[in-house]
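Chain by chain, the residues:
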Amino acid sequence: MKVNSEGVSSSRVYLPADKHYPSLLNFFISQFPHIEKSEWEARFSEGLVMTVDGQPVKPQDVYQPSTHLIYFRRLAKEPDIPFEEEILFQDAHIVVADKPHFLPVTPSGLYLHQTLLNRLKKKTGIQTLSPIHRIDRDTAGLVIFSVNPSERAQYQNLFRDRVVKKVYEAIAPYSETLEKNLPMTYQSRLEESEHFLQMQEVKGEPNTDTEIELINASKPWAKYRLTPGSGKKHQLRCHLNSLGIPIKGDQIYPILTPYQEYDLDFSNPLQLLAKEIHFKDPISNESRSFFSKRALR
């Protein structure tokens, strides 16, 4: 796998022996019909299609069967995220990063270069980095990456087996009624809703649980400590919303607000922070504890 100067990994494509095309451009157009011809022409012109040795090829070059080529994705325009991540810990096995709000963890949609994964690849030079868990792009805080592909599953299994303790902080409305019941463990059943961006609570056996504690109050807002026992999509956002205290700056709950993909409004970030993470390292058997340096406002 090749990686360009921006830390973006390549894709590899095989040129089958039982096919023939008049040129490489014709092959790519046929192989990837969902990608416009003009897009492939732009990738060729920018040197984003090349041999496995890294030599750029031309669109009119002869089709060579039984060979491989590599190519890079290209975005004509990508939102710029003007906030920096920080590496809190790095050894031969993991990298722990403190992610800012608005930065996606991995490439998706409009985001390619402006992702935590590609920034870390570029910063560390480690092209085998892979996140062992995820947080939303709206959420700030801790994300852990595996360095060695052969060890990745052992770290991911910690999350699968729920032996990782994650602690979040959130700013949400103060509720005098709720405070009387805190600390509490809130449970519910979360399922996908009709809109792919939103989850919803439904009747049935609970599949999520969150311990909720009050850290301090500065009416009309309060800071809460959230310790999820499960890891469903948007679990913390859904739970606080269901309790009548949606997280400050939430553009999905209770009302879904269309994202501004460009010209993002950075003045109102979601006030949710992945503050702590604790686990026993499956490789070294050491007890690991990491703490975000970020603070909500």
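What this report covers is the structure whose coordinates are included nearby. On a predicted model such as this, the values are computed, not experimentally measured, just so you know.

**Observations regarding the nonpolar core**
Core analysis: the biggest nonpolar cluster contains 35 residues, and Leu 129, Phe 145, Tyr 224, Leu 226, Leu 240 and Leu 272 have the highest contact counts within it. Sequence-distant contacts of Leu 272, that is, excluding residues within four places in its chain, are made with His 101, Thr 139, Ala 140, Tyr 168, Glu 169, Ala 170, Leu 226, Leu 236, Arg 237, Ile 247 and Leu 296. Formed by 16 residues, the second largest nonpolar core is a distinct cluster that contains Val 13, Tyr 21, Phe 32 and Val 49.

**Re the pattern of salt bridges**
This model, assessed by the stated rule, comprises 15 salt bridges. We note a salt bridge from Lys 123 to Glu 85, for which the minimum N-O separation is 2.9 Å. Placement of Lys 123 in helix α3 (residues 116-124) and of Glu 85 in the loop between β3 (67-71) and β4 (86-90) is noted, with a sequence separation of 38 residues between them. In this structure Glu 85 comes out as buried when scored by relative accessible area, which is 6%. With a closest N to O distance of 3.9 Å, Glu 286 and Arg 288 form a salt bridge. Taken together, the salt bridges that share partners define one network made up of Glu 84, Glu 85, Arg 119 and Lys 123.

**Re the environment of Lys 58**
For Lys 58, the position within the fold is in the loop between β2 (49-51) and β3. Sequence separation of Lys 58 and Lys 232 is 174 residues, and the distance between their C-alpha atoms is 46 Å. With residues up to four places along the chain from it excluded, the contact list for Lys 58 reads Leu 24 and Phe 44.

**What about the packing of helix α1 (residues 24-31) against helix α2 (residues 37-45)?**
At a closest axis distance of 10 Å, the pairing of α1 and α2 adopts a crossing angle of 135°. The orientation of α1 relative to α2 falls into the category oblique. Crossing hand, α1 versus α2: right-handed. Contacts between α1 and α2 involve Leu 24, Leu 25, Phe 28 and Ile 29 on the former and, on the latter, Lys 37, Trp 40, Glu 41 and Phe 44. Here the contact of α1 with α2 is built from residues that sort into six nonpolar, no polar and two charged.

**Concerning the sheet that holds strand β1 (residues 11-15)**
Pairing between the strands of a sheet comes from backbone hydrogen bonds, and it takes one of two forms, parallel or antiparallel. Taken in spatial order, the three strands make up an open sheet running β1-β3-β2, and their pairing is antiparallel. Taken across any chain shown, the strands that pair with only one partner, and hence form the sheet edges, are β1 and β2. In this sheet, adjacent strand axes meet at a mean angle of 35° when their direction is disregarded. Two elements, β1 and β3, share five bridges in a ladder whose sense is antiparallel. Within β3, the position partnered with Leu 15 by the bridge is Thr 67.

**Some words on the pairing of strand β10 (residues 199-202)**
Both strand β9 (residues 184-192) and β10 contribute to a ladder of four bridges, which runs antiparallel. Opposite Leu 190, over in β10, you have Glu 201 as the bridge partner. Counting the residues that bridge the hairpin from β9 to β10 gives six residues.

**Observations concerning the packing of aromatic side chains**
For the coordinates displayed, the defined rule picks out 16 aromatic pairs. Between Phe 28 and Phe 44, the ring centres sit 5.7 Å apart and the planes meet at 85°, which makes this aromatic pair edge-to-face. Here Phe 28 is found in helix α1, whereas its partner Phe 44 is found in helix α2, with 16 residues between them in sequence. Among the residues examined, Phe 44 registers a relative accessible area of 6% and is labelled buried. Arranged with centres 5.3 Å apart and planes meeting at 45°, the rings of Phe 89 and Phe 290 form a pair that is tilted.

**Description of the environment of Gly 125**
Structurally, Gly 125 is set in the loop between α3 and β6 (130-131). Taking the C-alpha atoms as reference, Gly 125 lies 13 Å from Ala 92; in sequence the two are 33 residues apart.

**Focus on the pairing of strand β12 (residues 221-228)**
When you tally the buried positions in β12, you get six out of eight residues, the bulk of the element. Where strand β11 (residues 208-218) lies against β12, eight bridges are found, and the strand directions are antiparallel. Opposite Thr 210, over in β12, you have Pro 228 as the bridge partner. Hairpin connection of β11 to β12: two residues between the antiparallel strands.

**Some thoughts on the side chain of Arg 119**
As for its placement among the helices and strands, Arg 119 is situated in helix α3. Within the structure, Arg 119 has its side chain in polar contact with the backbone oxygen of Ile 81 (distance 2.7 Å). Here the side chain of Arg 119 touches Gln 114 through a polar contact of 2.7 Å, side chain to side chain.

Rules of the game
Residues numbered from 1 in each chain as written. Predicted model: local features only at pLDDT ≥ 70, side-chain atom pairs only at ≥ 80, totals over all residues. Heavy atoms only, no water. Core = buried A, V, L, I, M, F, W, Y, C linked by side-chain atoms within 4.5 Å. Buried < 20%, exposed > 50% of the residue type's maximum accessible area, 1.4 Å probe, protein only. Contact = heavy atoms within 4.5 Å. Salt bridge = Lys/Arg side-chain N within 4 Å of Asp/Glu carboxyl O. Helix = DSSP H or I, 4+ residues; strand = E, 2+ residues; numbered from the N terminus. Axes fitted to C-alpha atoms, helices over the stretch in contact; angles between N-to-C directions. Parallel < 35°, antiparallel > 145°, perpendicular 65-115°, else oblique. Left-handed = near helix turned anticlockwise from the far one by under 90°. Nonpolar A, V, L, I, M, F, W, Y, C, P; charged D, E, K, R; others polar. Pairing = 2+ DSSP bridges. Phe/Tyr/Trp six-rings, centres within 6.5 Å; stacked < 30°, edge-to-face > 60°. Polar contact = N/O pair within 3.5 Å; in protein donor to acceptor, adjacent residues only side chain to side chain.

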